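Residue-level structure breakdown
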Amino acid sequence: MCIRMDFKKIASGAGTLFNRAKQYTEEMLGQAEKTELDAHLENLLQRADKTKLWTERILKQTESVLQPNPNVRLEEFLYEKVQGKKPLRLVENDILGQSMIDAGNDFGPGTGYGSALIRSGQTQLKLGQAQRDFIQSAHANLLQPFVSFLEGDMKTIQKERKLLDLKRLDLDAAKTKLKRVKSQPAKESAEVELRQVQMEFDHQAEVTKLLLEGVSSAHAHHLRCLHDFIEAQMGYYAQCNLYMNDLQRHLGSYGLSTGNSVPLQKTEGASASSATNVACDEGRKAKVLYDYDAADMTELSLAADEIIKVHQLPVPNTDWMMGVRGMQKGKVPITYVDILD
C-alpha cells in the first residue's frame, strides 16, 4: 500500500514537472500565453533585483578597500569558513613602524636621527592600530549586516520568488489545458484544477509581495549601517591626521637637518647677528679624524675621513667649532677634526 502511494506521488510530481517544462517551452516559442504579474509586484521584484545587485557590489568593493590584496582576502575567507574567525594580521604600518623603531634603537635613541626614527615608528604603530580599529568597525557596522541580509532575507525572497514562478507555470498550464479539452467531464475537471492552482498562485503572490515590501526596511537598516561606516571612516582619517600633525610638530624641532644637527640660528649662546656672520663666512675645510656621535641636538655627528667645513663659534671656544655638512650644522669637538686650509 505504501509503495503504491509513493508511486502515485512520484508519478504526480513527474507529471507536474512535465507540464511546467512544456508550458515554459511553449512560452519561449510564443505558442502559449503567459500570465502577467500586477504592476506593483513587478516594481517590487525589480527593486529587489537592484537591491541584491548593488548590495553585493558595494560589499565586494568595500572588502577591496579594507584589504586590497585579493590573495589575503581569499586566505581570510578560508580561515573564517574553517575556523570561524579571521587570523590576526599585522598591517603595513605595523611592519614599517617596528622597522623604524629597531633602526632608531640601533643608531641610538640619544642621536637626533635615532630619536626621529623611534618617534616616527611609534606613530606608524598608532596608525596601524587605528587602521585595525577601523577595519573591525567596518566589518561590524557595514559588511556583516550586508552579508546577513544577502544570506538571510534575500535568499528567502529568491526562494519564494522561484516558487511563485512555478505556481505561475502551473496556472498557465491549467489555462492551456482547459482551452484544449473537448468533452464536458474533462472540461469540468480542468476547471476544478484551474481554480485550485489559481488559489495557490494568488496565495504565493501575496507571500512574495509581503517579503518584497520588507526590502524597504532593509534599505532603512542599510542607511543606518552606511551612516555608521562613514562615521567610523571619518574618525579613522581624523585620528590619522592628528597623529601625523603631532609627528610633524615633533620632527619640526629638528629644523632643516635630517641628522643629529640643528639649524645654526638655534645653536646655544648664538645671537641672530652672530649667526648671520657665521653663515656669511665660507668656513674652512676640515677632515674628520674619528667617528663622533652627537650628544644632543646642538652637536653634529661625524664619520671618520669625511670632509666638512668648520667655523669659529660666535663666542670663541678652545674645545668646539661649528661644523657644517650641507644643510646640517652643529658643534664639533676641535680634537676630532684636522683643518686642511
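Structure first, text after, so check above.
Comments concerning the overall build of the protein
Secondary structure assignment for the protein yields 9 helices and 5 strands. Taken from N to C terminus, the helices and strands of the protein fall in the order α-α-α-α-α-α-α-α-α-β-β-β-β-β. Taking all 341 residues of the protein together, 35% fall into the buried category. The long-range share in the protein, meaning contacts at least 24 apart out of those at least 6 apart in sequence, stands at 65%. A total of about 21400 Å² of accessible surface is found on the protein, and carbon and sulfur atoms cover 57% of it.

Observations concerning helix α7 (residues 184-213)
Across its 30 residues, α7 extends 43 Å between first and last C-alpha, which sits within 8% of the 44 Å expected from 1.5 Å per residue. Taken residue by residue, α7 has Ala-190, Leu-194, Val-197, Phe-201, Gln-204, Ala-205, Thr-208, Lys-209 and Leu-212 as its buried positions. Looking at the buried side of α7, the elements it contacts are α2 (39-66), α6 (153-180) and α8 (215-252).

Considering the sheet that holds strand β1 (residues 284-288)
Taken in spatial order, the 5 strands line up as β4-β3-β2-β1-β5 in an open sheet, and their pairing is antiparallel. With partners counted over all chains shown, the strands left at the sheet margins are β4 (328-333) and β5 (337-339), one partner each. Looking at each pair of strands side by side, their axes are set apart by 40° on average, direction ignored. Pairing between β1 and strand β2 (residues 307-311): 4 bridges, direction antiparallel. Each residue of the ladder has a partner; that of Arg-284, found in β2, is Val-310.

So, the environment of Arg-180
Mapped onto the secondary structure, Arg-180 falls in helix α6. When its relative accessible area of 44% is taken as the criterion, Arg-180 is described as partly exposed. Linking Arg-180 and Ala-190, residues 10 residues apart in sequence, is a C-alpha distance of 9.8 Å.

What about unusual backbone geometry?
Here the phi dihedral of Asp-305 falls at roughly 80°; this positive angle occurs in a residue that is not glycine. Assignment of secondary structure puts Asp-305 in the loop between β1 and β2. The exposed category is assigned to Asp-305, whose relative accessible area is 55%.

What counts, and at which threshold
- Residues numbered from 1 in each chain as written.
- Predicted model: local features only at pLDDT ≥ 70, side-chain atom pairs only at ≥ 80, totals over all residues.
- Heavy atoms only, no water.
- Helix = DSSP H or I, 4+ residues; strand = E, 2+ residues; numbered from the N terminus.
- Buried < 20%, exposed > 50% of the residue type's maximum accessible area, 1.4 Å probe, protein only.
- Contact = heavy atoms within 4.5 Å.
- Areas by Shrake-Rupley, 256 points an atom, 1.4 Å probe, with all protein chains shown as cover.
- Expected span 1.5 Å × (residues − 1).
- Pairing = 2+ DSSP bridges.
- Axes fitted to C-alpha atoms, helices over the stretch in contact; angles between N-to-C directions.

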